Amino acid sequence: MSGVARSSLHIAQYVQIMSLLQVNRLSKHFIMHHLRREVMAFDCLTFDVREGEFVLVVGPNGVGKSTLLRCLYRTYLPTSGQAIYHSRYGAIDLACASDVDIVRLRREEIGHVTQFLRVRPRVSAREAVAEPLLAAGLSPIEAGKRASHALDALGLKRELWDAYPTTFSGGEQQKVNLARALIAPRRLVLLDEPTASLDAHARRALVERLAQLKQAGVAIIGVFHHAEDVRGLVDKEVALTADSQRPSEGDGLLTSSIACNGCAGGSGDVAE
Amino acid sequence: MVTSSRDAPRPAPTRAPVIVASPPLLQVRGLVKRYGSHVVAVDRVDIEAYAGEVLGIVGESGSGKSTVLRLLNLEERPDAGEYFFNVPELTGRNLFALDRMAQRRVRTFDIGIVYQNPHLGLRMRNTSSGNIAERLIVAGERAYRTLRLAAREALAASEFPLDRMDDPPVRLSGGMQQRVQLAKAIALKPKLLLLDEPTTGLDVSVQALVLDTLKRLQRETGVTTIIVSHDLGVIRMLADRVMVMRYGRVVEQGLTDQVLEDPQDAYTQQLVHAKL
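Each value, and the rule that gives it
Residues numbered from 1 in each chain as written. Chains lettered and ligands numbered in written order. Predicted model: local features only at pLDDT ≥ 70, side-chain atom pairs only at ≥ 80, totals over all residues. Heavy atoms only, no water. Helix = DSSP H or I, 4+ residues; strand = E, 2+ residues; numbered from the N terminus. Rg over C-alpha atoms; globule rule 2.2 N^0.38 Å. Buried < 20%, exposed > 50% of the residue type's maximum accessible area, 1.4 Å probe, protein only. Contact = heavy atoms within 4.5 Å. Areas by Shrake-Rupley, 256 points an atom, 1.4 Å probe, with all protein chains shown as cover. Lys, Arg positive; Asp, Glu negative; His and termini not counted. Charge placed at Lys NZ, Arg CZ, Asp CG, Glu CD. Axes fitted to C-alpha atoms, helices over the stretch in contact; angles between N-to-C directions. Left-handed = near helix turned anticlockwise from the far one by under 90°. Nonpolar A, V, L, I, M, F, W, Y, C, P; charged D, E, K, R; others polar. Parallel < 35°, antiparallel > 145°, perpendicular 65-115°, else oblique. Pairing = 2+ DSSP bridges. Buried area = accessible area lost by both parts, 1.4 Å probe. Salt bridge = Lys/Arg side-chain N within 4 Å of Asp/Glu carboxyl O. Core = buried A, V, L, I, M, F, W, Y, C linked by side-chain atoms within 4.5 Å. pLDDT = per-residue confidence, 0-100.

**Things to note about the overall build of chain B**
Phase 1: Helices and strands together make up the secondary structure of chain B, namely ten helices and nine strands.
Phase 2: For chain B, the C-alpha radius of gyration of 19 Å lies close to 19 Å, the compact-globule estimate for 276 residues.
Phase 3: For chain B, the C-alpha atoms occupy an extent of roughly 60 × 45 × 45 Å along the three principal directions.
Phase 4: The burial tally for chain B puts 54% of its 276 residues in the buried class.
Phase 5: The contacts of chain B with a sequence gap of at least 6 include a subset with a gap of at least 24, amounting to 67%.
Phase 6: Taken as a whole, chain B presents about 12,800 Å² of accessible surface, with 51% of it coming from carbon and sulfur.
Phase 7: Computed over 36 positive and 32 negative side-chain charges, the inter-centroid distance for chain B is 5 Å.

In structure tokens:
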């Protein structure tokens, strides 16, 4: 059965149970001007995410799993298709929403955890983690308290809290990164290999935090290198396959088409 | 080597905001500035900036980005264009068409600016506190005590060491001079803060501290900020959205991370990949 047919079934089944995100025939191609080439990341992906649902994105390396998350966060601009997100303000298509609306949603509703920590130099770990709370209007004292708690839960050594993360090891940086990304309330969280460089203790703490978020109704879409870490949380898998990356025909730029045609074959399969 | 951006298939243009309900604070349409008969420094540029956001403008030297900032600061007259500020007393009035006195009022009360070169923004041999007081005097304040307090408050907000507030900028380090400019810019709590390469030329460590001050001030005051820089790292740290300029035109605009990580335009791709 094709991915489209199966996931439209999903929509029919669950649309009453607070669907949070409906990804519909979403495609991403990269146009590399200096090579005059177009590179396909994924094509015509369709799936549905409900509140409190944990969706695991699976597939071999380089198949576009991280790219999918980045398209939903709009770090990458989707080439075609829709990603209808049901925000507190109403439904909005993340694929083509205005930039200022996306900025607002990132501040209030959608979080993205990458594998890399990006902080300004001379900002301490605790300050970096407190920042999203300050942006949300909390007092510096309260934000600092919660930041300490989050770092403690992930097992970052207390003596590092007021140090600059640029000097930290990969695992320590990742703890700061996760604490920062998961501290403020979100409705949709995108996780890109968050456990890659974590020790066993921190992995357990993370899974615990994710379970809490899920319980609170937060929808999570994640890419995990070691999926067994989160096995108990997964409600649904979205599989990206190599044939969801059909090579574009002809010589790139001039012949490429933006519309997504003939979705039947290689879309992502959705499995419960 | 560079293909014209017209050749490339472009993604559908993003829609007008639906969640952010209020109109932009600042709206510029059809901005044109020529120097002499055949230099077009700014060519039909449109800008929108929403309340509380940080908009970055990047481009190489000569792209027209600093000229745009001078025009927004009403320092120069454009050859064409309209400029609206969505504040009660100015709604619907083209700022470029105001008379000199009215423009001066807007520059005093609604706009603050920090230049790359502190000589442009400060009297280098007056005291630092005096530089800030001067701005308040222009605004009509006369009481010495009030001036002194306001200068102290603005300098503290920009994290300037207060024991040096009566030193003239000429005797201060580059980082401190930028903090005096910043204090002067924010002293009257403007609606719009313009930053022209505010950290270019500073030591890397000083740059980090000044950037941190800018970030904190922006968060605390919510002032709409437009920052011009050729440094993509600075833009990434501060800006929510970014416009890329080349030959006086805007070749691409979008969310900062999107423009830096998934640039659509051929020129932007070159610019982003040229970063060390």
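What follows continues from the structure just given.
**What to know about the packing of helix α4 (residues 128–138) of chain B against helix α5 (residues 144–157) of chain B**
All names here are of chain B.
Phase 1: Axis separation between α4 and α5 bottoms out at 9 Å; the angle between their running directions is 115°. In terms of crossing hand, the pair formed by α4 and α5 is right-handed. Where α4 approaches α5, its residues Ser129, Ile132, Ala133, Leu136 and Ile137 are matched on the opposing element by Leu147, Arg148, Ala150, Ala151, Ala154 and Leu155.
Phase 2: Broken down by class, the residue content of the contact of α4 with α5 amounts to nine nonpolar, one polar and one charged.

**Quick word on the packing of α5(B) against helix α6 (residues 174–186) of chain B**
Residue and element names in this part refer to chain B.
Phase 1: Where α5 meets α6, the axes come as close as 8 Å, and the angle between the chain directions of the two elements is 120°. With respect to α6, the axis of α5 lies oblique. Regarding α5 and α6, the two cross each other, and that crossing is right-handed. Together, Ala154, Leu155 and Ala157 of α5 and Val180, Ala183 and Ile186 of α6 make up the contact between the two elements.
Phase 2: Split by residue class, the contact of α5 with α6 holds six nonpolar, no polar and no charged.

**What to know about the pairing of strand β1 (residues 26–35) of chain B**
Residues and elements named next belong to chain B.
Phase 1: Bridge count for β1 against strand β4 (residues 80–85) is five bridges, and the pairing is antiparallel. Within β4, the residue paired with Gln27 across the bridge is Phe84.
Phase 2: Bridge analysis of β1 against strand β2 (residues 39–49) gives eight bridges, and the strand direction is antiparallel. In the strand pairing of β2, Tyr35 is matched with Val39.

**Let's talk about the interface of chain A and chain B**
Phase 1: In this assembly, 40 residues from chain A lie in contact with 35 residues from chain B.
Phase 2: For the pairing of chain A and chain B, the buried interface totals around 3,500 Å² over both sides, and the portion due to carbon and sulfur atoms is 61%.
Phase 3: Run the count over chain A and chain B and you get four salt bridges.
Phase 4: B:Arg219 is the partner of A:Glu131 in a salt bridge, and the nearest nitrogen-oxygen pair spans 3.8 Å.
Phase 5: A total of nine residues in the side of chain A that touches chain B trace back to one element, the largest contributor, which is helix α3 (residues 99–108) of chain A.

**Points about the pairing of strand β4 (residues 80–87) of chain A**
All names here are of chain A.
Phase 1: Here strand β1 (residues 19–32) runs beside β4; their pairing, made up of five bridges, is antiparallel. Considered in β4, the bridge of Asn24 is made with Gln82.
Phase 2: Both β4 and strand β5 (residues 90–93) contribute to a ladder of four bridges, which runs antiparallel. Each bridged residue has a counterpart across the sheet, and for Ile84 the counterpart in β5 is Asp93.

**Section: the nonpolar core**
Residues and elements named next belong to chain A.
Phase 1: Counting residues in hydrophobic clusters, the biggest one holds 41 residues, and the most contacted among them are Val176, Leu182 and Leu210.
Phase 2: For this core, the secondary structure elements donating two or more residues are β3 (54–58), α4 (125–135), α5 (140–153), α6 (170–182), β7 (188–192) and α7 (200–215).
Phase 3: Considering every element that reaches this core, the biggest residue donor is α7, with six residues.
Phase 4: Membership of the second largest hydrophobic core comes to 38 residues, among which are Ala83, Leu94, Val103 and Leu190.

**Here we look at the environment of B:Glu153**
Phase 1: With respect to the helices and strands, the residue B:Glu153 is situated in helix α5.
Phase 2: Taking the C-alpha atoms as reference points, B:Glu153 and B:Ala183, separated by 30 residues in sequence, lie 8.5 Å from one another.

**Topic: the sheet that holds strand β9 (residues 249–255) of chain B**
Residue and element names in this part refer to chain B.
Phase 1: The strand order β5-β6-β7-β3-β8-β9 describes an open sheet built from six strands, whose pairing is mixed. Looking at the sheet topology across the chains shown, the edges are occupied by β5 (111–114) and β9. Mean inter-strand twist for the sheet, computed between neighbouring axes without regard to direction, equals 15°.

**Concerning the sheet that holds β4(A)**
Residues and elements named next belong to chain A.
Phase 1: Pairing is antiparallel in the open sheet, where four strands are placed in the order β2-β1-β4-β5. The open sheet terminates on both sides in strands that have one partner only, identified here as β2 (37–50) and β5. Neighbour-to-neighbour, the strand axes of the sheet open up by a mean angle of 20°, direction not taken into account.

**Points about the confidence of the model for chain B**
All names here are of chain B.
Phase 1: Looking at chain B as a whole, its pLDDT mean stands at 90, while 94% of the residues score no less than 70.
Phase 2: The spread of mean pLDDT over the elements of chain B runs between helix α7 (residues 204–221), the lowest at 88, and strand β7 (residues 224–228), the highest at 97.
Phase 3: Low confidence marks residues 1–10, where pLDDT is under 50. Its contacts with residues over four positions away, or in another chain, come to 17 contacts.
Phase 4: As scored by the predictor, the complex reaches a pTM of 0.86 and an ipTM of 0.88.

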